[in-house]
Amino acid sequence: MEIIAEGLAFPEGPVGFDSLAVTAAGNVCVATLYQGGITTITPDGRTAKRVFDDPYTTNIAFGGGDMQDAYITLSATGRLIKVRWDEPGLRLNFHA
């Protein structure tokens, strides 16, 4: 079996991608290591970045009534923060 992977985004500089979440519009929000933020990647490959004061941003999850609360882990400083996101996250198919 041949596995073919299509590259969606190629950030500049030293970077590592970690955990991600998807928005209701289909954008991928991925924790960006070494540059300290969340990179949003649109389906057509455009990127935008929201920077935080921690080089090891490792996860993002969406919640709240309108799904615009973003819970983000900042691992170098051991913090979990909540920020308002500019678009709602995708609701999960299951709830605990």
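Residues numbered from 1 in each chain as written. Predicted model: local features only at pLDDT ≥ 70, side-chain atom pairs only at ≥ 80, totals over all residues. Heavy atoms only, no water.

(A) Local environment of the packing of aromatic side chains. If you walk through the whole model with that rule in mind, you get 2 aromatic pairs. Taking 5.8 Å as the distance between ring centres and 80° as the angle between the ring planes, the aromatic pair formed by Tyr34 and Tyr56 counts as edge-to-face. Taken together, the residues span a long stretch of sequence, with Tyr34 in the loop between strand S2 (28-33) and strand S3 (37-41) and Tyr56 in the loop between strand S4 (47-51) and strand S5 (57-63) at a distance of 22 residues. Assessed through its relative accessible area of 38%, Tyr56 is described here as partly exposed. Between the aromatic rings of Phe62 and Trp85, the centroid separation amounts to 6.2 Å while the plane-to-plane angle is 70°, which identifies the pairing as edge-to-face. Taken as a pair, Phe62 in strand S5 and Trp85 in the segment after strand S7 (79-84) lie far apart in primary sequence, 23 residues in all. (Phe/Tyr/Trp six-rings, centres within 6.5 Å; stacked < 30°, edge-to-face > 60°. Helix = DSSP H or I, 4+ residues; strand = E, 2+ residues; numbered from the N terminus. Buried < 20%, exposed > 50% of the residue type's maximum accessible area, 1.4 Å probe, protein only.)

(B) Quick peek at the pairing of S3. Along S3, 5 of the 5 residues are buried, which leaves the element largely enclosed by surrounding structure. Burial along S3 is two-sided: the face carrying Gly37, Thr39 and Ile41 and the face carrying Ile38 and Thr40 are both buried. Pairing geometry for S2 and S3, over 5 bridges, is antiparallel. Its bridge partner lying in S3, Cys29 is registered against Thr40. Here S2 folds back onto S3, and the loop between the two strands holds 3 residues, one of which, Tyr34, carries a positive phi near 75°. (Pairing = 2+ DSSP bridges.)

(C) Looking closely at the pairing of S7. Note: strand S6 (residues 69-74) against S7, 6 bridges, orientation antiparallel. Its bridge partner lying in S7, Asp69 is registered against Arg84. Linkage of S6 to S7, two consecutive antiparallel strands, is achieved through a turn of 4 residues, within which Gly78 is found at a positive phi near 65°.

(D) Seen up close, the nonpolar core. Core analysis: the biggest nonpolar cluster contains 14 residues, and Ile38, Phe52, Ile60, Phe62, Ile72 and Trp85 have the highest contact counts within it. Elements represented by at least two residues in this core include exactly S2, S5, S6 and S7. At 3 residues, S6 tops the list of elements feeding residues into this core. (Core = buried A, V, L, I, M, F, W, Y, C linked by side-chain atoms within 4.5 Å.)

(E) Examining the sheet that holds S6 more closely. In spatial order, the strands read S5-S6-S7; together these 3 strands make up an open sheet with antiparallel pairing. Of all the strands in the sheet, just S5 and S7 have a single pairing partner and so form its edges. Shown here is a sheet whose adjacent strand axes are inclined to one another by a mean of 25°, direction ignored. (Axes fitted to C-alpha atoms, helices over the stretch in contact; angles between N-to-C directions.)

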